[in-house]
Structure formats: structure tokens, C-alpha cells
Amino acid sequence: MKGQDRINCIPDELILEIFRNLDTKPSRDSASLVCKRWLGLERLSRDTIRIGASSSPDTLVKLLSQRFVNVQNVYIDERLSVSLPIQFRRGRGERQSPVSSLRLRLVSDKMGKEEVEAESYFLSDIGLASVGEGFTKLERLSLIWCSSVTSAGLRSVAKNCRGLKALDLQGCYVGDQGLAAVGECCKQLEDLNLRFCEGLTDTGMVELALGCGKTLKSLGVAACAKVTDVSLEAVGSHCQSLETLSLDSEFIHNKGVLAVAKGCQLLKVLKLQCISVTDEALEAVGVFCRSLELLALYSFQRFTDRSLSAIGKGCKRLKNLTLSDCYFLTDKGLEAVAVGCSELTHLEVNGCHNIGTSGLESIGRSCVRLSELALLYCQKIGNIALSEIGRGCKFLQALHLVDCSSIGDDAICCIARGCKNLKKLHIRRCYEVGNKGIVALGENCKYLTDLSLRFCDKIGDEGLIAIGQCHSLCYLNISGCHQVGDAGIIAVARGCPQLSYLDVSVLQNLGDMAMAELGEGCPLLKDVVISHCRQVTDVGLSYLVKNCTFLETCHMVYCPGITAAGVATVIASCTNIKKVLVEKWKVSQRTRRRAGSIISFLCIDL
């Protein structure tokens, strides 16, 4: 009806529910601009805030806490670099951006320019206190590499946010007093990450275990030199509900892991990188941790098959196993896991040089539910092993092979014929894999969406033509497959309309005809890498970008046929472009003015 306000007749509750169901932040931001009432309601509905490195983060956090009072999740990550405001580095004639101006206004008037440059880019205890005072409903707090916060700030958060359930302090130099305050005040804490918290000692860890032991379910500790077995004994005594434990330390020994195994018998996830731990500790895990579902062992030089035998006998629910650089494990240990852990779905063997064909054959015969297999730097595993996987593991969906020199076409053929539900195949530097295996893959694996064949130089157009039958393919990386030319890529372009990522770098026989076909057949392309393709020119590039309107990234360094005109064409044609990687001398002044923020240079001067 004319003159009636149809927007503000909607109840607040309904508008709040609409905001909660909007999927993306841009959608919420756009809807909040309808009117001031909607802006206020959107602020009330916001439950998550993410902050990267920024100017004057203390002031920024305070402002956010005043505007978004119902926030439950705060993520602050200072790993991202931040450039100085334009006011400090602009030259004559350069205009100061509104964003930089806003950042500068947030800085205290009492600070000089030098102080701003040196100190205003790191969250301090003042900002952390604002988090605690402003976000009183906080449940999850993540402080990644916030190196300027100390125990004082953490105590403020602990006292004000007693409903905290998850705390991530990775890279923060907090001390025992802050952690003790968390244990004293946050009685609902379930998830705690203390990776690279070098200021902690056993004192803080023991206090935390005493305070939060009944609720703590997940704990991560890495590179904390003063955290020893004493801490793990406290965890074992008080944290009986612990389900996930990640340890990376050279100061943890059998005593600590034994205490956890005996005291935390509900443990489901265990990740260990502790060079001082031996078979004795893993045998205890096999005996006491019957609910274990995920086990990851990294860089163990003192484990033998005794450990895996104990895991196979006791951990019947194990589904995910990672063995990385465990030099003394052999086929015997893997066979014990295969026989005892028949529910295994994910297996990664990385750099375990004494594990060979027979161990993996046992996996194929016994673990019929296997869905993902990764073999990295496994020189002793041959074709017969993957043949057994193909026969027994019909549900396999992902296979990763890196530097497996004994695996060739026969193995890939068996996988293709037996594992027809395969969706992801990544092969790198497996020089015995050629067209025969890839043809079998294209003929049998119709659900394939992700294919990477990096530096497999026996694969040529014949294999790629068969891959053109995989109509669901979204990701394709064939960098370094020197025998692939226009014919193979044209087949993919005509048969794989869903393709969104393509890496054809270092293909010397690839030319403009393939680029034109890709532009016609793959309009959904978002990421393209054509670096070191010597026969691709501006003409082919123009055909590619003409129809690929969703293109976001384009890497094209060391392509002598692409000039400044081609770079300008990409910038002008692709409205969604976010990154262009190219030589500096190929970017004209006009292109740089138009899109300098999205252009990256591999080399400063050529």
C-alpha cells in the first residue's frame, strides 16, 4: 500500500533469524545496509569475528566489542603481514586511501608516528582485556601468534569469560599464571591448543589440569621445552574425559605417555612426535586406549614392529593411521595393523623405507573399508601391492603417490578397474606411470573430480584424451608432463565442462588452439597456471579469458609469447580476477595503475 513502511513491520525476531541463516558475510553486510534498524539487528545477530594483522588492534578490538555484544567466537591471527598506512609511504601526487585514513584515526592521538610504526600492529594485554570485558558471552577464542600478549591479558579473559569452551594460544608467549587463571575460572573448557607457547612450564599445566580436568577433551602441546612428563602425569590423573592429544616434544618420555594411556582411556585421537618415546609407551596405548580411532606417528627412530603389533591387538576401532619417517617399522608391523584393525579407512605411509609390498598387500586383503591411501617416498612398494588394493578396497576414493619408483601402469590399471568410485588421484614423480594406466582411469573412474599427474613424463595426449571421459573433473594438474600437447587438452576441454582449476605449466607442446578450446568448453575455470608454456601467445590467452568470466588467478611467468598486451587483456576481461603472476617488465604503467594490487611479480628485474 502506498505510503506504508513494509520493511519495518517485520518483527525483530524474524529479521534476526534471517541474518542468522545468511551464508556469507558479504550477504549479511549488504542486508544490514537497508536501514539503521537492520544494521543494529545484524550487529546483535553476529556471533563470530575474525581479525587479521591490523593497525592499532587494541582500539579495533574495543570498538568491535562495543558493537557486537553477542559474539561467541573470536579469531585473531597476526601471522598475516600488514603494510604501513599510505600516509607514511606515499609520494608526491599519491592519494591516501579511505581505509588507511580510518586506521590512522583509530590510533591514539598521544602516539607519535614513530610509535605507531613500531608498536601499533600487535595485540597487547590492553586489547585482550577488551576482549574479556566486551565479549562476555565468549565460547571460543583463538589468538594465533599474538606475541605481545602475556599472562595479565589472559587472566582478564579467564575472569570475565567463564563460559569459554575452546582456547587456542598458538605462538603466544603466555606464562604459568595466565594458564592457571584459565584452570581456575573456565570450568567448561574443552579444547586447548598450546603449540609454541614457550613461556609455559609444568607449573601452569598442572594447575590447568587440576582446574579443567573434568571437562577437557582436546589438548595440543608442541615446542614447549619446559613442559615435561610431570604435566602429562597431571593430565593422566585429572583429565579422564580427554579424547584428543597432540604432542610434539623431545622432552616427553615414556613416563608421560604411559600416564596418559592409563588415565585417559577414552582417547580417540593421538598424534605423537616425541623422539624419546619408545615401544613401551605405544604398547600401553594398545592395552588401555581401546577407543582409539586416529593414530599419527612422526619421526620415530625408536619404534619397532612391537608398537604396531600392540596397536593391532588392542585398538580394534582404529580408522586413521599415519606413519611418517618411522625407519624401523617393517611389513610385519603393518600386517599386524591390517589384521587387527579391519575398520581402517585412511592410511598414510611416508618415508618408512622398510615397509614394502607385503605389508600393503595385507591392507588390501583385510581393510575393505579403506577410502584414502597415501604412499609417499615408498621405494619398496611395487605394483602387486596396489593390485591387491584394487581387488580388495572397492570403496577407495582418494589415492596419493609421491616418488614411488616401483609403481607403474599395471598398478594404476588395477586401481582403475577395481576402485570405480575413485574421486581423487594425485601422482607425482612416479616415472613408470604412463598412458596405459591413465587410459584405464578414464575408461573406468567416471566419478573422478580431482586429478594431479605432476612430472609423470611418460603420460601424453593418449592418456589425456581418455581423461576427457571424466565429465565431473574439476581439478587437473599435469605440470611437467612434457608429452602432453594440444590434442590432450582439447579433449579435456570438450569433455570436462566442470573444470575450475588447471595447471599446465612447463608443457612445451601446448599452444593457442588448446587455450581457445578451454575458453569455449570450460567457462567455470577459476585458477589457471600456464607458466613456462613457450608456445602460448596473447592470441590464445585472449580466447581463454573471453568466456572464462569467473577467472580469479592466472600464473603466466616465462611465457615468451605473452606480452604486456596479453596481461592487459586478462585484467580487462576478468572482472573477478584476484591475482596475476607475471614478469614485472610485462606490466604497463596503465595496467599497474588499474590493477596494481592484484599483480604479483616472480622476479623483480629481468
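For the structure, see preceding data.
Residues numbered from 1 in each chain as written. Predicted model: local features only at pLDDT ≥ 70, side-chain atom pairs only at ≥ 80, totals over all residues. Heavy atoms only, no water.

A. Structural detail: the overall build of the protein. Counting its regular elements, the protein contains 25 helices and 21 strands. Among the 606 residues that make up the protein, the fraction classed as buried is 52%. Looking at the protein alone, contacts between residues at least 24 apart form 76% of all its contacts between residues at least 6 apart. Accessible surface for the protein amounts to roughly 27,000 Å². Of this, 51% is attributable to carbon and sulfur atoms. (Helix = DSSP H or I, 4+ residues; strand = E, 2+ residues; numbered from the N terminus. Buried < 20%, exposed > 50% of the residue type's maximum accessible area, 1.4 Å probe, protein only. Contact = heavy atoms within 4.5 Å. Areas by Shrake-Rupley, 256 points an atom, 1.4 Å probe, with all protein chains shown as cover.)

B. View of the side chain of N350. Among the structural elements, N350 can be located in strand 11 (residues 346–350). Judged by its relative accessible area of 15%, N350 is buried.

C. Quick peek at helix 16 (residues 357–366). Three or more residues of helix 16 are buried, namely G359, L360, E361, S362, I363 and G364. Each element contacted by the buried residues of helix 16 is listed here: helix 15 (331–340), strand 11, strand 12 (372–376) and helix 17 (383–392).

D. Fine view of the side chain of S387. Mapped onto the secondary structure, S387 falls in helix 17. On the basis of relative accessible area, S387 is assigned to the buried category, the value being 11%. Once residues lying within four places of it in the same chain are set aside, the contact partners of S387 are D410 and C414.

E. Looking closely at the nonpolar core. Membership of the largest hydrophobic core comes to 173 residues, with the highest contact counts inside it found for L375 and M556. In contact with M556, other than residues within four places in its own chain, are I530, S531, L541, I562, V567, V570, V580, L581, V582 and E583. (Core = buried A, V, L, I, M, F, W, Y, C linked by side-chain atoms within 4.5 Å.)

F. Structural view of the environment of C224. Along the polypeptide, C224 turns up in the loop between strand 6 (218–222) and helix 11 (229–238). Owing to a relative accessible area of 2%, C224 belongs among the buried residues under this scheme. Between the alpha carbons of C224 and F251 there is a distance of 8.7 Å; along the sequence they are 27 residues apart. Contacts of C224, omitting those with residues within four sequence positions, involve L194, F196 and C197.

G. A look at the packing of helix 21 (residues 486–495) against helix 22 (residues 512–521). It is the contact of helix 21 with helix 22, at a shortest axis distance of 8 Å, that shows an interaxial angle of 5 degrees. Here helix 21 lies roughly parallel to helix 22, going by the angle between them. Two secondary-structure elements touch here, helix 21 through D486, I489, I490, A493 and R494 and helix 22 through M513, A514, E517, L518 and G521. Each residue belonging to the contact of helix 21 with helix 22 can be placed in one class, and the counts come to 6 nonpolar, 1 polar and 3 charged. (Axes fitted to C-alpha atoms, helices over the stretch in contact; angles between N-to-C directions. Parallel < 35°, antiparallel > 145°, perpendicular 65-115°, else oblique. Nonpolar A, V, L, I, M, F, W, Y, C, P; charged D, E, K, R; others polar.)

H. Molecular detail of unusual backbone geometry. Even without glycine at this site, H532 takes up a positive phi of about 65 degrees. Mapping H532 onto the fold places it in the loop between strand 18 (527–529) and helix 23 (538–547). Even without glycine at this site, Y558 takes up a positive phi of about 60 degrees.

I. Structural detail: the state of the cysteines. The final tally for this structure, using the stated rule, is 0 disulfides. No disulfide involves C239; its nearest neighbouring cysteine sulfur is the one of C264, lying 6.2 Å away. Residue classification places C239 among the buried residues on the basis of a relative accessible area of 0%. Here C264 falls in the buried class, since its relative accessible area comes to 0%. (Disulfide = S-S within 2.5 Å.)

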